[in-house]
Amino acid sequence: MTAKIKPSKGAPYARILGVGGYRPTRVVPNEEILKHIDSSDEWIRTRSGIATRHWAGPDETVASMSVEAGGKAIADAGIAPDQIGAVIVSTVSHFKQTPAIATRIAHEVGAGKPAAFDISAGCAGFGYGLTLAKGMVVEGSAEYVLVIGVERLSDLTDREDRATAFLFGDGAGAVVVGPSKVPAIGPTVWGSEGDKSETITQTLPWDVYRDQTAAEVRYPAITQEGQAVFRWAVYEMAKVAQQALDEAGVNPEDLDVFIPHQANMRIIDSMIKTLKLPEHVTVARDVETTGNTSAASIPLAMERLLATGQAKSGDTALVIGFGAGLVYAATVVTLP
Amino acid sequence: MAATQEEIVAGLAEIVNEIAGIPTEDVKMDKSFTDDLDVDSLSMVEVVVAAEERFDVKIPDDDVKNLKTVGDATEYILKHQA
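All figures in this text were calculated on a predicted structure; none of them were measured in a lab.

Concerning the UniProt feature "domain: Beta-ketoacyl-[acyl-carrier-protein] synthase III N-terminal" (unreviewed entry) in chain A
Residues annotated by UniProt as "domain: Beta-ketoacyl-[acyl-carrier-protein] synthase III N-terminal" (unreviewed entry) correspond here to residues 117-194 of chain A. Summarising residues 117-194 of chain A: 19% helix, 35% strand, and an end-to-end C-alpha distance of 23 Å.

Below you can see the structure in the form of structure tokens.
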């Protein structure tokens, strides 16, 4: 017989309740990058807008940075760690294939035994995690979800590649998503373009070391086709950002904050121009002192805007992540 | 109606002026975007996208790297414009 199954009961809507970030203590200026490449501080700044980035030390692991950021987000949300029902970690720089790093992070933040898993969605990882979290809260499989974007991209940086050596940074950003009486996370506009999967990629798979030694092959790093990525990010992603505004029913005039993935200041500047964002909108420019931290960049930038008073709780923010895959995710949120 | 060579150069001059702030009279057929006109690789993408719209032409990423001079771009547009 087909038995009657009791449905799960979720919240009417979801919202971001708290945000937290962790930046490694060591600040790396362009001068240090220039020891390994033939370039200049001016060249790096005009191409990327990056002046400094944080690189993690041996004790600042993917797990430890996540626990710091996650703990802050939980405290900011005003809930107890054991109320977390699920932990989602987006990263491409946790080098142990299994188990997922999310389980250890869940344990170490004091969340007890929640559902916990990793996702791989590159620089769109935060938006992907946020969308999953929102679905879980509304569907009822978790009341509170901890979403973490964390990277140690210094481990995947070719110090001698003058096109990418200066781009990447390390850090962790986290949010807690929980129940809301009003809509506070808009529809997500997301997708993938697998025909462009080689546009941003790790140079070699890890199993290269099954047949060859480290002396024979160069250690894997992230590489990208700069012009192709720039064109896609500025022009195609501006359309996605506009679509997220349209689907949320939010006019650009009603927007307070724009938090694009912190890939490159030139992309951010050109994107604003293409989107024709009104002057009053505060734009996250965390890339200048943080570099590109992939999945961590949006929550890190969000945390800094709120901490410095450039944005405030209740503000309406457009967030968009885009990167390796190629993948993208954009949505409109109410800031915690 | 398809643009003439003179119209394309004039159009590119306006685009380069808007994006890189270079005086329009400096934008000539023999000028290199990178070496003479201060158009770096990312600004070049902006020039290409603006040219695509203005001249109703598609310039794929793979072809962008071959457009070294204003003359290269002009010839490409002349050949490929709809």
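Overview of the domain arrangement of chain A
All names here are of chain A. Segmenting chain A into domains produces domain 1 (13-180) and domain 2 (189-334). Summarising the inter-unit geometry, the C-alpha centres of domain 1 and domain 2 are found 14 Å apart. With 47 residues of domain 1 at the interface, the matching set in domain 2 holds 44 residues. Surface buried jointly by domain 1 and domain 2 totals about 3,600 Å² across both partners, of which 62% is contributed by carbon and sulfur atoms. Considering only the side of domain 1, the residues that lose the most area to domain 2 are Arg-23, Cys-123 and Leu-156, jointly responsible for 20% of the buried surface there. For the interface between domain 1 and domain 2, the tally reads 4 salt bridges. Arg-23 is paired through a salt bridge with Asp-286; the nearest N and O atoms lie 2.6 Å apart. Taken together, the links from domain 1 to domain 2 amount to 18 residue pairs in polar contact (both at pLDDT 80 or more). When residues of the side of domain 1 that touches domain 2 are traced back to their parent elements, those giving at least two are β1 (13-22), α2 (41-48), β3 (52-55), α5 (125-139), β6 (144-152) and β7 (170-180). Taken together, the residues that form the side of domain 1 that touches domain 2 break down as 20 nonpolar, 18 polar and 9 charged.

Concerning the sheet that holds β6 of chain A
All names here are of chain A. On the basis of which strands lie adjacent, the open sheet formed by 5 strands has the order β1-β7-β6-β4-β5 and mixed pairing. Looking along the sheet, the strands with just one partner apiece sit at the ends: β1 and β5 (115-119). For this sheet, the mean inter-axis angle between neighbouring strands, taken without regard to orientation, is 20°. Strands β1, β4 (84-90), β5, β6 and β7 of the sheet are contacted by α5, whose axis makes an angle of about 25° with β7.

Brief notes about the confidence of the model for chain B
All names here are of chain B. Per-chain confidence: chain B averages 91 in pLDDT, with 99% of residues scoring 70 or above. Ranking the elements of chain B by mean pLDDT puts helix α3 (residues 61-64) last, at 90, and helix α4 (residues 70-80) first, at 93. For this predicted complex, the interface score ipTM comes out at 0.86, alongside a pTM of 0.93.

Details of the packing of helix α3 (residues 62-77) of chain A against helix α4 (residues 101-108) of chain A
All names here are of chain A. Contact geometry for α3 and α4: axes closest at 9 Å, N-to-C directions at 45°. One element, α3, and the other, α4, form an angle in the oblique class. Here the hand of the crossing between α3 and α4 comes out right-handed. Contacts from Val-62, Ala-63, Ser-66 and Val-67 of α3 reach α4 at Ile-101, Arg-104, Ile-105 and Glu-108. Residue composition of the contact of α3 with α4, grouped by class: 5 nonpolar, 1 polar and 2 charged.

Re the interface of chain A and chain B
Listed by partner, the interface residues are 11 residues for chain A and 14 residues for chain B. With both chains or domains summed, chain A and chain B bury close to 1,200 Å², and 50% of this area falls on carbon and sulfur atoms. Our enumeration of links across chain A and chain B arrives at 5 salt bridges. Between Glu-46 of chain B and Lys-273 of chain A there is a salt bridge, with its nearest N and O atoms 3.6 Å apart. Connecting chain A to chain B are 8 residue pairs in polar contact (both at pLDDT 80 or more). At the level of secondary structure, the elements contributing two or more residues to the side of chain A that touches chain B comprise α7 (226-248) and α8 (265-275) of chain A. Per-element accounting of the side of chain A that touches chain B gives the leading share, 6 residues, to α7 of chain A. For the side of chain A that touches chain B, the per-class residue count stands at 3 nonpolar, 4 polar and 4 charged.

Points about the pattern of salt bridges
Residue and element names in this part refer to chain A. If you walk through the whole model with that rule in mind, you get 21 salt bridges over all chains. The residue Arg-218 makes a salt bridge to Glu-160 at a minimum N-O spacing of 2.9 Å. Of this pair, Arg-218 sits in the loop between α6 (208-211) and β10 (222-224) while Glu-160 sits in the loop between β6 and β7; the two residues are 58 residues apart in sequence, bridging distant segments of the chain. For Arg-218, a relative accessible area of 49% corresponds to the partly exposed category.

A short note on α4 of chain B
Restricting attention to buried positions, one finds in α4 of chain B the residues Val-70, Gly-71, Ala-73, Thr-74, Tyr-76 and Ile-77 of chain B. Close packing links the buried residues of α4 of chain B with α1 (5-20), α2 (41-55) and α3 of chain B.

A few points about the nonpolar core
With 51 residues, the main nonpolar core has Ile-33, Met-237, Phe-258, Leu-318, Ile-320 and Phe-322 of chain A as its most contacted residues. Of all the elements in the fold, those that place two or more residues in this core are α7, α8, β13 (316-323) and β14 (327-334) of chain A together with α2 of chain B. At 12 residues, the largest contribution of residues to this core is made by α7 of chain A. Each of domain 1 (13-180) and domain 2 (189-334) of chain A accounts for three or more of the residues forming this core. One finds Met-136, Ala-142, Ile-298 and Ala-311 of chain A within the second-largest nonpolar core, a separate group that totals 36 residues.

Procedures and definitions
Residues numbered from 1 in each chain as written. Chains lettered and ligands numbered in written order. Predicted model: local features only at pLDDT ≥ 70, side-chain atom pairs only at ≥ 80, totals over all residues. Heavy atoms only, no water. UniProt positions renumbered as here; feature names shortened; annotations may be inferred. Helix = DSSP H or I, 4+ residues; strand = E, 2+ residues; numbered from the N terminus. Domains from an automatic or database assignment. Contact = heavy atoms within 4.5 Å. Buried area = accessible area lost by both parts, 1.4 Å probe. Salt bridge = Lys/Arg side-chain N within 4 Å of Asp/Glu carboxyl O. Polar contact = N/O pair within 3.5 Å; in protein donor to acceptor, adjacent residues only side chain to side chain. Nonpolar A, V, L, I, M, F, W, Y, C, P; charged D, E, K, R; others polar. Pairing = 2+ DSSP bridges. Axes fitted to C-alpha atoms, helices over the stretch in contact; angles between N-to-C directions. pLDDT = per-residue confidence, 0-100. Parallel < 35°, antiparallel > 145°, perpendicular 65-115°, else oblique. Left-handed = near helix turned anticlockwise from the far one by under 90°. Buried < 20%, exposed > 50% of the residue type's maximum accessible area, 1.4 Å probe, protein only. Core = buried A, V, L, I, M, F, W, Y, C linked by side-chain atoms within 4.5 Å.

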